[in-house]
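# Fold and geometry: a report
The lines below spell out each chain.
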Amino acid sequence: MIYYSTKRQAEEASLKKALFKGLPEDNGLYMPETIAKLPQEFFDNIENLSFQDIAYEVTNTILGGDVPSEEIRKIVDDAVNFDAPIVKVVDQIYSLELFHGPTLAFKDFGARFMARLMSYFLDKGENLHILVATSGDTGSAVAQGFFGVEGIQVTILYPQGKVSPIQEQQLTTNGGNIKAVEIEGTFDDCQRLVKEAFLDPELSEALNLTSANSINISRLIPQSFYYFNAFAQLKREGFKKVVFCTPSGNFGNLCGGLIANRMGLKVENFIAATNSNKVVPVYLKTEVFQPKTSISTISNAMDVGNPSNFPRLLELTGNSYEKLIKRISGAWYSDDDTEATMKEVYDQTQYVMCPHTAIAYKALKEYMDGNDLGKKTAGVFLSTAHPVKFVEIVEPVINKKIEIPQRLQEIIDRPKEATLMPADFKQFKKYLMAETELVKS
Ligand SMILES: *Cc1c(COP(=O)(O)O)cnc(C)c1O
């Protein structure tokens, strides 16, 4: 399969190139040239397939020309080794829980799949060094995704005192091939250091550097799996049609849904739900796309003022505004709305949601109440993180202690290991060179 850039100014790339390069030279985004439809019998029989079977069929359809089927089976079985159940919250409305992976957020799907695909394409004896700057969630998903993957070394940079205590534990207690560097500075400083490292010829020579950027095409593909699997579960419950609501920041998760749709999954409607960073809902209303500086909210993983996957959103809906608004509707909510929704749903149903998830629930509920969809249509909102990851926000709102899952408790008890340094490129470079020598010897 050929991968083209959404800006169409860069050379087309092979899967391997798109995977390791991440971004085309023209700063567009890589997209597969064709997205083939799955056969009708796949959908007729989907309720009898396991999550891993579904993931295999989807991946084989997209990557089959580039990766042998038995390797795809291995990659998928290893990457998708936890469940994504639907849980009924109120009549006809279900939560699609995407937080049963190692770091308790949906980013585990993308990171685990990308790690295994990169490992497959890495030649024997070849080493790869991944640098990631993180403000929290991405870094831990990437760390966990690449943990123990042969030939790959990961260095995570995070800003001192600017990630939550749970996030810091997740970043700094991995050991093995994962190293954490605590920077005396901001997230922007971390990003600048990573950029400088990529531009440094000596480092490029010594280390085979790659970023595990969230716009990597390999992170998008696995984010379609759970839309299919949610539909399979709904069919078992007797439903025939589905509406999906995705809490969105960079819109990678929603793009996963649109890929599933292009591959033949029938979806009545997609809802893009955001917090006050509402450039996409505004675009859907006005056809004007106006990127903004991001605003801080309590659903901070969606604090994005210029969503990086927006070009893919257009591409996946045929670059037509009319088509786009037929398939996707938008909604956005304030922090007050978010808190009120967390509380109301907890009081009425005892279901606990993280702030991002609460936004998706509210958008879906309003849509379902405002449209007569009949008894055979279910609404599914994507639960992107376990509420315990945002415990300091959720607990006071619902006035109840959230239980810490076992796998998180284990991390909390481990000692922190991180190298503290100022936001200075010379020191960072020296550190990376020394680490590389250690790995080689
Ligand atoms: C990353 C993230 C989002 C936003 O997902 P996008 O793919 O960037 O739209 C929403 N919720 C949580 C908890 C996240 O970590």
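Here the structure is a predicted model, which is why all the values come from computation and not from measurement.

Reading the values: the criteria
- Residues numbered from 1 in each chain as written.
- Predicted model: local features only at pLDDT ≥ 70, side-chain atom pairs only at ≥ 80, totals over all residues.
- Heavy atoms only, no water.
- UniProt positions renumbered as here; feature names shortened; annotations may be inferred.
- Helix = DSSP H or I, 4+ residues; strand = E, 2+ residues; numbered from the N terminus.
- Near = heavy atom within 4 Å.
- Polar contact = N/O pair within 3.5 Å; in protein donor to acceptor, adjacent residues only side chain to side chain.
- Nonpolar A, V, L, I, M, F, W, Y, C, P; charged D, E, K, R; others polar.
- Phe/Tyr/Trp six-rings, centres within 6.5 Å; stacked < 30°, edge-to-face > 60°.
- Buried < 20%, exposed > 50% of the residue type's maximum accessible area, 1.4 Å probe, protein only.
- Lys NZ or Arg CZ within 6 Å of the ring centre and 35° of its normal.
- Right-handed = clockwise from strand over helix to strand, strands pointing away.
- Pairing = 2+ DSSP bridges.
- Axes fitted to C-alpha atoms, helices over the stretch in contact; angles between N-to-C directions.

What follows deals with the UniProt feature "domain: Tryptophan synthase beta chain-like PALP" (unreviewed entry) in the protein. Residues annotated in UniProt with the feature "domain: Tryptophan synthase beta chain-like PALP" (unreviewed entry) correspond here to residues 96-380. Secondary structure across residues 96-380 divides into 46% helix and 17% strand, with the first and last C-alpha atoms of the span separated by 6 Å.

Turning to the site of the ligand, a few remarks are in order. Around the ligand, 15 residues are found, and the nearest of them are Lys 107, Gly 249, Asn 250, Phe 251 and Thr 384. Within the side chain of Lys 107, an N or O atom sits 2.5 Å from an oxygen atom of the ligand. One of the side-chain nitrogen or oxygen atoms of Thr 384 is found 2.8 Å away from a nitrogen atom of the ligand. Taken together, the residues of the shell around the ligand sort by class into 6 nonpolar, 7 polar and 2 charged.

A few words now on the packing of aromatic side chains. What the rule picks out here adds up to 18 aromatic pairs. Ring centres of Tyr 283 and Phe 289 lie 6.3 Å apart, and the angle between their planes is 85°; on these two criteria the pair is classed as edge-to-face. Assessed through its relative accessible area of 9%, Tyr 283 is described here as buried. An aromatic cluster of three or more residues is present, and its members are Phe 51, Phe 82, Phe 109, Tyr 226, Tyr 227, Phe 244 and Phe 270. The cationic tip of Arg 73 hangs over the ring face of Tyr 56; the distance from NZ or CZ to the ring centre is 4.8 Å. Over the aromatic face of Trp 332 sits the side chain of Lys 278, whose NZ or CZ is 4.5 Å from the ring centroid.

The buried fraction of strand 5 (residues 128-133) is high, at 6 of 6 residues. Residues of strand 5 alternate between two faces, with Leu 128, Ile 130 and Val 132 on one and His 129, Leu 131 and Ala 133 on the opposite face, all of them buried. Each parallel crossover has a hand, and for strand 5 linked through helix 6 (residues 137-146) to strand 6 (residues 152-159) it is right-handed. Note that strand 5 and strand 8 (residues 209-211) share 3 bridges and pair parallel. Within strand 8, the residue paired with Leu 131 across the bridge is Ser 211.

Right, let's get into the sheet that holds strand 9 (residues 241-247). Spatially, 3-4-12-9-10-11 is the arrangement adopted by the 6 strands of the open sheet, whose pairing is mixed. If you trace the sheet from one side to the other, it starts and ends with strand 3 (86-90) and strand 11 (328-332), each paired once. Between one strand axis and the next, the sheet turns through 25° on average, direction left out of account. Alignment of strand 3 against strand 4 (residues 93-97), held across 4 bridges, turns out to be antiparallel.

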